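# Structural overview
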Amino acid sequence: MDGMKRSGRGVFILAAGAAIQALTGIPAAWGVFHEPVAAEYRLNEVGAEWVFSLIVGAFGVGCVLGGFLQDRFGPRPAGLAGAALLAGGFAAGAAVPAGSAAIFALAFSLPVGAGCAFLYPAVMSCAQKWYADRKGLATGVIGGAAGASGAVLSLLVNALTGQWGIRVCLWVLAGLLALICGVGAALLKNPPQGQKQPAAQPDAGGPDYTPARMLRTRQYWLCVAVVALASPTVLLFSPILLELGRQRGLSDAWAALPVAVGSVGSAAGRLLMPLLSDKAGRRRTYLGLFAALAGLSVGFAFAQGGWFVAGYTALTFCYSGQAALLPALGTDLFGLPHAGINYGFLALGMSVGGLAFPMAARALGWQLARHWVATAAAAAGFVCLLALRPTPKGGKSPTGKSLRKN
């Protein structure tokens, strides 16, 4: 009976985490924010992209702080702090005077990116602890909701902006985020320490790396490089997706279609790839996804019309799939005891990639620069994965599969 109760609590935690993540995919939906935000706050193209880059940058840094808070005090305080930051960022953005580009970039981007960062490791680490022997399942359910959030937010933003404008839209979203993320975060709770689930036993004797020890490993730096090198395949295009769609033959009425359909691809990748990795192995699944990202990035450079939509959807599937594998890969390599803050340090790769690759693409200057930067980065990520090996302590993952063989 006690096991059934604990199992029921695990399902409850998954539901709360999924509800939170369904509203936090701001980067995936940024294409629908881009134009109304730029018009209201008088942001030029570079300024609007910097708002997005700052969100991504703040996410990586915030993951370290949120991960520390989660590991030290538990997922509930970290989640509540994240909900407050996220809702506060939207409210601050709504309150900024029209035309105040620099103030908006700081008041909105930094708390929104940090708020998403506080919530993600809190939710993900908590869910993985409840499902220690099925981390792919836990990661897939939470990640699937995160992927679907792009479509959810796109629908909300389009409807609210079309009716009342972007400023009212930001106020409404601030209220929704405070309510749903706040209530969901209040429900987060780690499994009882004195009553470990049978599901958690396969992790006994596994790796247990403190952040300081993890940072001294070759595996950590390879993982950070992988995270950074994945980012340009989608994040270089998300801010300009509506404009790019029009250039590739989509009408104004259909320009937002890649955002919505891409969110479906993102949700599918986040749900299916962690489950596949439980069977096929984390490293093998990662290698397949990076190979696909490199090939798809080449095709996406020339895709028109419906093929443009299909290409972006396939890219989001692979990009989100590899992103969803990171929490499980991190605990395979470095263990569960410090999963929150260790994930935060791994996610710093997203900050590096989110800031460095847009600058590199702009410096190159020509129209297809984004596509070739994305292709080269994905190929380099594949090479880094080939070099990735198990950590010295605990060469087997909790699923019993050696990373070296998989």
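Residues numbered from 1 in each chain as written. Predicted model: local features only at pLDDT ≥ 70, side-chain atom pairs only at ≥ 80, totals over all residues. Heavy atoms only, no water.

### Side note on the overall build of the chain
Secondary structure summary: the chain contains 16 helices and zero strands in total. Here the chain, with 406 residues, has 59% of them falling under the buried criterion. Here the chain has roughly 15100 Å² of accessible surface; of this, 69% comes from carbon and sulfur atoms. (Helix = DSSP H or I, 4+ residues; strand = E, 2+ residues; numbered from the N terminus. Buried < 20%, exposed > 50% of the residue type's maximum accessible area, 1.4 Å probe, protein only. Areas by Shrake-Rupley, 256 points an atom, 1.4 Å probe, with all protein chains shown as cover.)

### Digging into the packing of helix α4 (residues 75-95) against helix α5 (residues 101-130)
Between α4 and α5, the least distance of the axes is 7 Å, while the angle of their chain directions is 155°. The orientation of α4 relative to α5 falls into the category roughly antiparallel. As α4 packs across α5, the resulting crossing turns out to be left-handed. Touching Pro75, Ala78, Gly79, Ala81, Gly82, Ala83, Leu85, Leu86, Gly89, Phe90, Ala92 and Gly93 of α4 are Phe104, Ala107, Phe108, Pro111, Val112, Ala114, Gly115, Cys116, Phe118, Leu119, Ala122 and Cys126, all from α5. When its residues are assigned to classes, the contact of α4 with α5 shows 19 nonpolar, five polar and no charged. (Axes fitted to C-alpha atoms, helices over the stretch in contact; angles between N-to-C directions. Parallel < 35°, antiparallel > 145°, perpendicular 65-115°, else oblique. Left-handed = near helix turned anticlockwise from the far one by under 90°. Contact = heavy atoms within 4.5 Å. Nonpolar A, V, L, I, M, F, W, Y, C, P; charged D, E, K, R; others polar.)

### Brief notes about the confidence of the model for the chain
In this model, the chain carries an average pLDDT of 83, and 90% of its residues clear a pLDDT of 70 or more. Low pLDDT (under 50) marks residues 1-6, which in the prediction has six contacts with non-local residues, meaning those over four places away or in another chain. Low pLDDT, under 50, characterises residues 394-402; the stretch is placed with 19 contacts to residues that sit more than four places away or in other chains. (pLDDT = per-residue confidence, 0-100.)

### Regarding the packing of aromatic side chains
Tallied over the entire structure, the rule returns 13 aromatic pairs. Here the aromatic rings of phenylalanine 59 and tyrosine 120 are separated by 6.5 Å at their centres, their planes lie at 55°, and the arrangement is tilted. Of the two residues, phenylalanine 59 sits in helix α3 (residues 45-73) while tyrosine 120 sits in helix α5, which places them 61 residues apart along the sequence. Each of the two residues, phenylalanine 59 as well as tyrosine 120, counts as buried. Among the aromatic side chains, those forming a connected cluster through ring pairs are Phe33, Tyr41, Phe90, Phe104 and Phe108. The ring centre of tyrosine 209 lies 3.9 Å from the NZ or CZ of arginine 213, which sits over that ring. Here arginine 248 stacks its cationic end above the ring of phenylalanine 300, 6.0 Å away from the centre of that ring. (Phe/Tyr/Trp six-rings, centres within 6.5 Å; stacked < 30°, edge-to-face > 60°. Lys NZ or Arg CZ within 6 Å of the ring centre and 35° of its normal.)

### Some words on helix α16 (residues 369-387)
For α16, which comprises 19 residues, the first-to-last C-alpha distance of 27 Å matches the rise-based estimate of 27 Å (1.5 Å per residue) to within 8%. All of the buried residues along α16 are Ala369, Arg370, His371, Val373, Ala374, Thr375, Ala377, Ala378, Gly381, Cys384 and Leu385. (Expected span 1.5 Å × (residues − 1).)

### Considering the pattern of salt bridges
Note on pairing: side chains with opposite charge can pair once their charged atoms come close. Going through the model one piece at a time under the given rule, you end up with four salt bridges. The residue arginine 246 makes a salt bridge to glutamate 35 at a minimum N-O spacing of 2.8 Å. Taken together, the residues arginine 246 in helix α11 (residues 241-247) and glutamate 35 in helix α2 (residues 26-41) connect sequence positions 211 residues apart. On the basis of relative accessibility, which here comes to 32%, the residue glutamate 35 falls in the partly exposed class. By sharing partners, the salt bridges in this structure join Asp278, Arg282 and Asp332 into a single network. (Salt bridge = Lys/Arg side-chain N within 4 Å of Asp/Glu carboxyl O.)

### Comments concerning a nonpolar patch on the surface
There is a patch of nonpolar side chains on the surface, built from Phe12, Leu179, Val183 and Leu187 and spanning about 380 Å² of accessible area. Structurally, the position occupied by valine 183 is in helix α7 (residues 166-186). For valine 183, a relative accessible area of 47% translates into the label partly exposed. (Patch = residues over 30% accessible without salt bridge, like charges linked within 9 Å, V, L, I, M, F, W, Y side chains within 5 Å.)

### Some words on the side chain of arginine 248
Looking at where arginine 248 falls in the secondary structure, it is placed in the loop between α11 and α12 (257-280). It turns out arginine 248 is buried and unbridged, and the closest side chain with the opposite charge, glutamate 243, is 10 Å from it. With residues near it in sequence (within four places) discarded, arginine 248 still touches Phe300, Ala301, Phe302, Ala303, Gln304, Gly305, Phe308 and His371. (Lys, Arg positive; Asp, Glu negative; His and termini not counted.)

### Quick word on the environment of glutamine 128
Relative to the helices and strands, glutamine 128 resides in helix α5. Glutamine 128 sits in the buried class, given a relative accessible area of 2%. Separated by 208 residues in the primary sequence, glutamine 128 and leucine 336 have C-alpha atoms spaced 8.4 Å apart.

### So, the environment of glycine 74
Tracing the backbone through its elements, the reader meets glycine 74 in the loop between α3 and α4. Measuring from C-alpha to C-alpha, the distance between glycine 74 and cysteine 126 comes to 8.5 Å, with 52 residues separating the pair along the chain. Discounting residues that sit within four places of it in the chain, glycine 74 has contacts with Leu69 and Asn190.

### Here's the deal with unusual backbone geometry
Positive phi outside glycine occurs at arginine 42, with the angle close to 55°. If you trace the backbone, arginine 42 turns up in the loop between α2 and α3. For arginine 42, a relative accessible area of 65% translates into the label exposed.

### Observations regarding α2
With 16 residues, α2 should cover 22 Å at 1.5 Å per step; its first-to-last C-alpha distance of 18 Å lies more than 12% under that length. Restricting attention to buried positions, one finds in α2 the residues Ile26, Ala29, Trp30, Gly31, Val32, Phe33, His34, Val37, Ala38 and Tyr41. With its phi angle positive at about 55°, arginine 42 sits one or two positions after the end of α2.

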